[in-house]
Amino acid sequence: MSEAVKTYENESITIYWRPDICEHAGECVKGLPNVFDVKKRPWISPQNATSEETMRVIDRCPSKALSYQAKK
Ligand code: SF4
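Residues numbered from 1 in each chain as written. Predicted model: local features only at pLDDT ≥ 70, side-chain atom pairs only at ≥ 80, totals over all residues. Heavy atoms only, no water.

Draft legend 1. Molecular detail of the environment of Thr50. Turning to its location among the elements, Thr50 is positioned in the loop between helix H1 (27-31) and helix H2 (51-58). On a C-alpha basis, the gap between Thr50 and Trp17 in space is 18 Å, while along the polypeptide they are 33 residues apart. (Helix = DSSP H or I, 4+ residues; strand = E, 2+ residues; numbered from the N terminus.)

Draft legend 2. Expanded view of the nonpolar core. Ile15, Trp17, Phe36, Trp43, Ile44 and Leu66 are the most contacted members of the largest nonpolar core, which totals 17 residues. Apart from the residues lying within four places of it in its own chain, the contact partners of Phe36 are Cys28, Val29, Trp43, Ile44, Thr54, Val57, Ile58 and Leu66. (Core = buried A, V, L, I, M, F, W, Y, C linked by side-chain atoms within 4.5 Å. Buried < 20%, exposed > 50% of the residue type's maximum accessible area, 1.4 Å probe, protein only. Contact = heavy atoms within 4.5 Å.)

Draft legend 3. Representation of the pattern of salt bridges. In total, this model carries two salt bridges according to the counting rule given. Here Glu9 and Lys71 are joined by a salt bridge, their closest N and O atoms 2.7 Å apart. Within this pair, whereas Glu9 is found in strand S1 (residues 6-9), its partner Lys71 is found in the segment after strand S3 (66-70), the two being separated by 62 residues in sequence. Residues Arg18 and Asp20 are paired through a salt bridge, measuring 3.0 Å at the closest nitrogen-oxygen approach. (Salt bridge = Lys/Arg side-chain N within 4 Å of Asp/Glu carboxyl O.)

Draft legend 4. Quick look at the sheet that holds strand S2 (residues 13-17). With antiparallel pairing, the three strands of this open sheet are ordered in space as S1-S2-S3. Looking at strand neighbours, the two that pair on one side only are S1 and S3, the edges of this open sheet. Across the sheet, the axes of successive neighbouring strands diverge by a mean angle of 20°, strand direction being ignored. In terms of strand pairing, S1 meets S2 through four bridges, oriented antiparallel. When the sheet's bridge partners are listed, Glu9 is paired in S2 with Thr14. (Pairing = 2+ DSSP bridges. Axes fitted to C-alpha atoms, helices over the stretch in contact; angles between N-to-C directions.)

Pasting the structure below:
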């Protein structure tokens, strides 16, 4: 239950991922492979892109499994 939302963060953004609703459509992996790489653990590396790039790709997630909060 506590695993329902996973978080990944760097100094400028927190990314939330809900595996239970991820459709594995791959928009994230295709859009920003440096950040979203299912072969890596953790599979999301927010330090590998700017927050703007990451937010743009997350906005394309069709299931809304991915969301984010920008830090100040
Ligand atoms: S874009 Fe969203 S639904 Fe598709 S694989 Fe990534 S997290 Fe899952």
